[in-house]
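# Examining the three-dimensional arrangement
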Amino acid sequence: MVSILIKDTTREERIKILHRALDCGAGGCENCSSCWLGGGSIDSIYQDYIDGKREIADINREYSERLAGKQRG
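Reference entry: report on the structure contained in this document.

Procedures and definitions
Residues numbered from 1 in each chain as written. Predicted model: local features only at pLDDT ≥ 70, side-chain atom pairs only at ≥ 80, totals over all residues. Heavy atoms only, no water. Helix = DSSP H or I, 4+ residues; strand = E, 2+ residues; numbered from the N terminus. Buried < 20%, exposed > 50% of the residue type's maximum accessible area, 1.4 Å probe, protein only. Contact = heavy atoms within 4.5 Å. Phe/Tyr/Trp six-rings, centres within 6.5 Å; stacked < 30°, edge-to-face > 60°. Lys NZ or Arg CZ within 6 Å of the ring centre and 35° of its normal. Core = buried A, V, L, I, M, F, W, Y, C linked by side-chain atoms within 4.5 Å. Polar contact = N/O pair within 3.5 Å; in protein donor to acceptor, adjacent residues only side chain to side chain.

So, about the overall build of the protein. A tally of helices and strands in the protein yields four helices and zero strands. In the protein, the order of α-helices and β-strands from amino to carboxyl end is α-α-α-α. For the protein, the residues scored as buried account for 18% of the 73 residues in total. Sequence separation of at least 24 residues holds for 64% of the intrachain contacts in the protein that already meet a minimum separation of 6.

Attention shifts here to the packing of aromatic side chains. Note on aromatic pairs: each is described by the distance of the centres and the angle between the planes. Per the stated rule, a full pass over the model turns up zero aromatic pairs. In this structure, Arg14 is placed above the aromatic ring of Tyr49, and the distance from its NZ or CZ to the ring centre is 6.0 Å.

The next subject is the side chain of Thr9. Positionally, Thr9 belongs in the segment before helix 1 (11–22). When neighbours within four sequence positions are excluded, Thr9 is seen to be in contact with Ser3, Ile4, Arg14, Ile17 and Tyr49.

Attention shifts here to the nonpolar core. Grouped together as the largest cluster of nonpolar side chains are eight residues: Ile6, Ile17, Leu18, Tyr46, Tyr49, Ile50, Ile56 and Ile59. Those elements that provide at least two residues to this core are helix 1, helix 3 (47–50) and helix 4 (56–72). Those residues in contact with Ile17 that sit more than four places away from it in its chain are Ile4, Thr9, Tyr49 and Ile56.

All right, on to the environment of Ser3 then. Mapped onto the secondary structure, Ser3 falls in the segment before helix 1. Given the relative accessible area of 26%, Ser3 is considered partly exposed. Beyond its immediate chain neighbours, meaning those up to four positions away, Ser3 contacts Asp8 and Thr9. A polar contact is formed between the side chain of Ser3 and the backbone nitrogen of Leu5, at a distance of 3.1 Å. At 2.6 Å, the side chain of Ser3 forms a polar contact with the side chain of Asp8.

In structure tokens:
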């Protein structure tokens, strides 16, 4: 398995990783139905990862916690 950690990837590789991982096959983000959950576009949700500031796991954890909080309250 290839590492997706910031220390092991370039900015361009991180963008490719995100687009491969999150591609639903609908032909682009304009057809995506998940952004209405408050995340926004892939680039805005994962901008810190793209910029090498925060790992994907940290961003996903925060997003899940935010979503869980919305469902509770």
